[in-house]
Amino acid sequence: MKYTRLAIVIALAAVGTILLSSCGTTGVRALPAYEPPLGKSSFQTVRTTAYTQTESDHLQFTDHNALGGQLQAAGPPIHRAENTRLLEIDGDYRVVSYTPAPQPFSMNDDEPKPTVRKATRATTTTTTTTTRTVKVVRGKRVVMKSKPQPPKIGSAAADWSRWPVGTTFRLLSTGQIYRVDDYGWALAGRNTIDLYMATQAEMNAWGAREEPIQILKWGDAEESLRFLERHQDYKHIRRMVLELQGNEDAAAQLH
């Protein structure tokens, strides 16, 4: 019985070691090859991958990001993205209105007033962010636009020295919007952004792609540094800290 318990303890310790090394929490695992950072620009072409909370590197964190919040999947693709410079979520939206035509004027109060026939048919169609109601008034179609809802922003993991926490960007191929709120061992010193997907099927369907992105808002590098400095016992975080401090040579030499 004594030897059986000892064997169980040894087996559990071995499993724990494997899990810790898989999520990059030990000093044994080598860092990925270092890549020089991309130039800071409003439009970039980056390598993108996808992940879910069920991957081995993320199991211990469940469905939470590096900040402690919950991971969010982006809204559905709209298959169109305009190269606008600003993110316009709460912009000025115009509502189409209809004014009836002027009625005939008469001095005779006894004369019966003409009857104005109102719209008798209305249909509603819904797009990704905007609801449009089409009304037929006096034989003419009038489109009524309601104020669109803000797009759902998904979570993304990246090297915070290249895309600081809070960086918000749009995938130009799908129109989906993501915000950097996570990081990972395989991303340190790499020009790769990992997109959070709700299911493993979506993750596998995405695979790895070179994607043009539009930066809608850059995150705060100083805030990223303050957060990461508290955890730089781990080599992948240490590499990000070095690069945020402007010491790219030391970051590249860290393995």
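So, a few notes on the structure that sits alongside this text. Remember, predicted model here, so these are calculated numbers, not experimental data.

## Observations regarding the environment of Arg29
Then comes step 1: With respect to the helices and strands, the residue Arg29 is situated in the loop between helix 1 (2-22) and strand 1 (43-51).
Then comes step 2: Considered as a pair, Arg29 and Lys235 are 206 residues apart in the sequence and their alpha carbons are 8.9 Å apart.

## Observations regarding the nonpolar core
Then comes step 1: One finds Phe169, Ile193, Leu195 and Leu228 to be the most contacted residues of the largest nonpolar core, which totals 28 residues.
Then comes step 2: In this view, Phe169 contacts Ala156, Gln176, Ile177, Tyr178, Val180, Ile193, Leu195, Ile213, Gln214, Ile215 and Leu216; residues no more than four positions away in its chain are not counted.
Then comes step 3: Ranked by size, the runner-up nonpolar core spans six residues in total, among them Tyr51, Ala73, Ala157 and Tyr196.

## Details of the sheet that holds strand 5 (residues 154-157)
Then comes step 1: Strand order in the closed barrel formed by six strands is 1-8-5-7-6-9, with mixed pairing between adjacent strands. When the angles between neighbouring strand axes are averaged without regard to direction, this sheet yields 50°.
Then comes step 2: Pairing of strand 6 (residues 168-171) with strand 7 (residues 177-182), which is carried by three bridges, proceeds in the antiparallel orientation. Its bridge partner being in strand 7, Phe169 is matched across the sheet by Tyr178.

## What about helix 4 (residues 235-244)?
Then comes step 1: Of all 10 residues making up helix 4, eight are buried, and the element is well covered by its neighbours.
Then comes step 2: Those residues of helix 4 lying buried are His236, Ile237, Arg239, Met240, Val241, Leu242, Glu243 and Leu244.
Then comes step 3: Buried residues in helix 4 make contact with helix 3 (221-229) and helix 5 (248-253).
Then comes step 4: Looking at the residues trailing helix 4, positive phi occurs at Gly246, about 85°.

## Some words on the pairing of strand 1
Then comes step 1: Bridge count between strand 1 and strand 9 (residues 209-217): six bridges; the pairing is antiparallel. Paired with Phe43 across the strands is Gln214, a residue of strand 9.
Then comes step 2: Bridging between strand 1 and strand 8 (residues 192-196) involves five bridges; their strand directions are parallel. Bridged to Tyr51 within strand 8 is Tyr196.

## Details of the side chain of Arg239
Then comes step 1: By the secondary structure assignment, Arg239 is in helix 4.
Then comes step 2: Buried and unpaired, Arg239 has Glu243 as its nearest opposite-charge partner, separated by 6.5 Å.
Then comes step 3: Not counting the four nearest positions on each side in its chain, Arg239 is found in contact with Leu31, Pro32, Ala33, Tyr34, Ala188, Gly189, Ala251, Ala252 and Leu254.

Conventions and cut-offs
In every chain, residue numbers begin from 1 and rise along the written sequence. Residue-level local features of this predicted model are given only where pLDDT is at least 70; pairs of side-chain atoms are given and counted only at 80 or more, and the full residue set underlies all totals for whole chains, interfaces and linings. Hydrogens and waters are ignored; side-chain quantities use all the structure's heavy atoms. A helix here means a DSSP run of H or I that spans at least four residues, while a strand means a run of E at least two residues long, and both kinds are numbered starting from the N terminus. Throughout, nonpolar core names a set of buried Ala, Val, Leu, Ile, Met, Phe, Trp, Tyr and Cys residues whose side chains join them through atoms within 4.5 Å. When accessible area is computed with a 1.4 Å probe and restricted to protein chains, residues below 20% of their type maximum are described as buried, those above 50% as exposed, and intermediate ones as partly exposed. By the convention used here, residues are in contact when the closest approach between their heavy atoms is within 4.5 Å. One requirement defines pairing of two strands: DSSP has to find at least two bridges between them. What counts as an axis is a line fitted to C-alpha atoms, over the stretch in contact for a helix, and the angles between N-to-C directions run from 0 to 180 degrees. When charges are counted, Lys and Arg contribute as positive and Asp and Glu as negative, whereas His and the chain ends are disregarded. Salt bridge, as applied in this entry: a Lys or Arg side-chain nitrogen positioned within 4 Å of an Asp or Glu carboxyl oxygen.

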